[in-house]
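Structural features, examined
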Amino acid sequence: MNLRFRLLGPIEVRRDDRPVPLGSPKQRALLTALLLEPNRVVSIDRLVMAVWDEEPPRSAVANVRTYVNRLRRALEDGDRLTARPPGYVLAVRAGELDVTEFADALRQGKKALSAGQPEAALRHLSAALTCWRGAPAEDVPRTAALGPRLDALAEQRCLALEARAEARLTLGEHADAVPELREMVAAHPTRERLWGTLMLALYRTGDSAAALSAYGQARTFLAEELGVEPGPELAGLHRSVLNRDPALLAVPVVPARDPSQPVPVPKAAPASGPGCLVGRDPELEDLVAAIAASPPRPVAVHGPAGVGKSALALHAVRAAAPDFPGGVLHVDLRSLPRPGAYETLARLLSLLGLPGDRIAPDLDDAVLQFRTATEVKRVLVLIDNATGEGQLRPLIGACPGCQFVVTSRAVLAALDDVVHLPLAPLTDDAAYELLSGLCGRDRVDPEQVRRVARLCDNLPLALRIAGKRLAVRREWTLAAFADMLADEEHRLDLLTCGDLSVRGALDLDYQALRQCEGTADGSALALFHRLGERGVADCRSAIAAELLGCDRRTAWAALGRLADLRLMKPVAPDHYRMNDLTRLYAMEIARTTAASI
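None of these values were measured; they are calculated from a predicted model.

1. Structural notes on the overall build of the protein chain
Per the secondary structure count, the protein chain includes 25 helices and 16 strands. Taken against the 2.2 N^0.38 rule, which gives 25 Å for 597 residues, the C-alpha radius of gyration of the protein chain at 26 Å falls within 12% of a compact globule. If you line up the protein chain on its principal axes, its C-alpha atoms span 80 × 60 × 60 Å. A total of 597 residues make up the protein chain; the buried ones form 50% of that total. Relative to all contacts within the protein chain whose residues are 6 or more apart in sequence, the contacts with residues 24 or more apart total 67%. Roughly 27,700 Å² of accessible area belongs to the protein chain as shown, and the carbon and sulfur atoms make up 52% of that amount. Each charge class in the protein chain can be summarised by its mean position, and for the 73 positive and 76 negative side chains these summaries are 2 Å apart.

Spelled out as C-alpha cells, the structure:
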C-alpha cells in the first residue's frame, strides 16, 4: 500500500493513488499538525491548540483521541499513527510528503545558485515550485497554533520564487522573467527583493522607464500599507538605474565545468542564520581568535537550547573564512537521517564534489579520502548540532590540517585538545537591544521591553520569536504582550512563530533523554517528570532523592544528567536550577504524560 501526503495546497492523502476521506475540518486540522512534524511526537496539548482556536471544550482530549482513531481507520495502516507519550506520532516515509520534497528541491536549488550553477538551480527550483497547488493547507481553519507554521511554508515558497527569478536573470533570461515577476509582486507586494529583481529585469531589457515606474509603485505601496520607505538595497538600485550604472548590465558569466573535475570547495561561509548578532561581541572576538590560532585546535561552542550557538558560529566562520584558502564546509547534523561519524564524513566529501558512488563505504577509508582532499589547502569545517563525541572523534583526530568549529548543547568533554567556549543567555542590556530592534523602536516602552525579555529568560531564540510576533501584530502593545507572556499556561504557545519554537527546541533535549537507556538517564527522566508535576525550578540532591525514592548518589547522577542535557544548570555546589521556560515545558510534559496514562 502506497500513501501520499500533501499539504502544499488543500490537504490531501492518497492511498494507492485514490483520495482518502479526511473527515471534518477539525480532524483535518489535527492531521495538519501531525504532518507539520512528521515522525516526531506531537503532544496532546499542542494538538488541542491546533484544533481549537477558541477556548477548547472540556471534551477536547477525548475528541482528539476520537479524531486519531478515525484517521487510523482512514489510513488503513495502524502502524502509521501511534500513541507515544505525551501525544501521537505520524510515521511518514521518504517520498511520501510534498513538504519534504519541496524543501529538498529548494535546498538543492539554493545550493546550485550559490555554487554558480544557474541552470541546475533553475531546474531544482522549478521542481520545488511544482509541488505547490495553492496556499498551504488552504482548506484547514487557521488557528493561532497552525497559522504561523503554515505562514512559514508560504514564506519558503516566496523564497523559492525569488531564487528562481535570480537564476533566470543570471542566465540572461530577462524578458522571459518579467511576466512572472509582475505576477509575483502583485501577489507579494511587500517583498522588496522581488521588486528589485523586477526592476533589474526591466532595466536589462532596455526599459529603464518601466524599471523606475516599478520602483515608484513599490515605494507607494510600502508607504501606504506599511508606513515605511524602501530599504537601502532597493533605494540603492533605484539610484543606480537613475545613473545608468554600467554594473547593472553585468550578467555573471557561468563557465562550463569539466564533469570529471570535482566541484570547487565553497569560498564563503554558509548563508543561513540571523542577519545580525546582538550582544555577542566578546564571544565573537574570542571565537574568531580561537579559529585563527596556530597550530589549529578544534573549537567547541556549547550552551542550552535557544542560546544562539549556531548564529554565533556562523558569524565567526564568515569572519574567519578569508584565512582558509581551501574554503568553508558546513554540516548540520540535525539534517542527517543517521548523524554518525561516517554520515558526517560522507556529507563533507559530497560538499567537496566527490560523487556518492566514489565515497568509500568504510569509515577509515573515507577519513583517508577527506584527509587527502584537504591536505593541500586549509579548510574550515563547521559541524552544527553535535550530540556526542563519537560523531566527531574519527574526523577531528585524523585531519590535523583542518580547523573544526563544533556547536553542541552538551560539553563534549571527552574530545582531546579542544578549546571549549560556553555560551550563556544575553545580558539584560543586550536582550533589551535585540528585542527593541526587532519589535520596532518607534513603539518601545523600556520597562515593558525589559519585562518581556525577562519572561523570555534573555534567550536569543525566545527574544527573536517575541520580536517577530510583535513586529507583525502591530495592534499589540508591549504591555499587553508582556501580560500574555506572564500567563504561564500559554507562554510557550506565544513563543512560537512559523518554524521557530522554544517548545520545539526544548523537545529535542527531552527526546534525547527519553531515547537513552542508562540508569542515570532513567532516573533523570523520572526526576524531570517529578519536578514538572510540582512546577519546581530549584533542586538539590536531597530533594531529588526524596522525589525519586532513591539514595543521594543516584539522585546526584540524575541531576548531573539533566545538567549535561542543559535541562538544568548548576548554580552552586549541589544546587541545580531550570530556567522558567524549561520549567514550563517540564510542567507541560508532566500534564500530558499523566493524561496519556
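2. Let's talk about the sheet that holds strand β16 (residues 575-577)
In spatial order, the strands read β14-β16-β15; together these three strands make up an open sheet with antiparallel pairing. With one partner strand each, in any of the chains shown, β14 (538-539) and β15 (569-572) form the two edges of the open sheet. Along the sheet face, helix α24 (residues 552-564) touches β14, β15 and β16 and points at about 40° away from the line of β16.

3. A word on the side chain of His575
Positionally, His575 belongs in strand β16. In this structure the side chain of His575 is engaged in a polar contact, spanning 3.5 Å, whose partner is the side chain of Arg540. Excluding anything up to four places from it in sequence, His575 contacts Asp538, Cys539, Arg540, Lys569 and Pro570.

4. Re the sheet that holds strand β1 (residues 3-6)
With antiparallel pairing, three strands are arranged side by side in an open sheet as β1-β2-β3. Each edge of the sheet is formed by a strand with only one pairing partner; in this case those strands are β1 and β3 (18-19). As paired elements, β1 and strand β2 (residues 12-15) share four bridges and run antiparallel to each other. Its bridge partner being in β2, Leu3 is matched across the sheet by Arg15.

5. Quick word on the pairing of strand β10 (residues 403-408)
Where burial is concerned, most of β10 is hidden: six out of the six residues are buried. Examined bridge by bridge, strand β7 (residues 299-302) and β10 share four bridges and lie parallel to one another. Bridging across to β10, Val301 finds its partner in Thr407. In this region the chain leaves strand β9 (residues 380-386), passes through helix α15 (residues 393-398) and returns to the parallel neighbour β10; the handedness of that crossover is right-handed.

6. Brief notes about the packing of aromatic side chains
Throughout the structure, instances matching the rule amount to six aromatic pairs. Ring centres of Phe528 and Tyr585 lie 6.3 Å apart, and the angle between their planes is 45°; this geometry places the pair in the tilted category. With a gap of 57 residues between them, Phe528 in helix α22 (residues 519-534) and Tyr585 in helix α25 (residues 580-596) connect regions that are remote in the sequence. The class of Tyr585 is buried, set by a relative accessible area of 2%. Members of the aromatic cluster, each reached through a chain of ring pairs, are Tyr510, Phe528 and Tyr585. Its end group placed over the ring of Tyr432, Arg450 keeps NZ or CZ at 4.4 Å from the ring centre.

The rules we used
Residues numbered from 1 in each chain as written. Predicted model: local features only at pLDDT ≥ 70, side-chain atom pairs only at ≥ 80, totals over all residues. Heavy atoms only, no water. Helix = DSSP H or I, 4+ residues; strand = E, 2+ residues; numbered from the N terminus. Rg over C-alpha atoms; globule rule 2.2 N^0.38 Å. Buried < 20%, exposed > 50% of the residue type's maximum accessible area, 1.4 Å probe, protein only. Contact = heavy atoms within 4.5 Å. Areas by Shrake-Rupley, 256 points an atom, 1.4 Å probe, with all protein chains shown as cover. Lys, Arg positive; Asp, Glu negative; His and termini not counted. Charge placed at Lys NZ, Arg CZ, Asp CG, Glu CD. Pairing = 2+ DSSP bridges. Axes fitted to C-alpha atoms, helices over the stretch in contact; angles between N-to-C directions. Polar contact = N/O pair within 3.5 Å; in protein donor to acceptor, adjacent residues only side chain to side chain. Right-handed = clockwise from strand over helix to strand, strands pointing away. Phe/Tyr/Trp six-rings, centres within 6.5 Å; stacked < 30°, edge-to-face > 60°. Lys NZ or Arg CZ within 6 Å of the ring centre and 35° of its normal.

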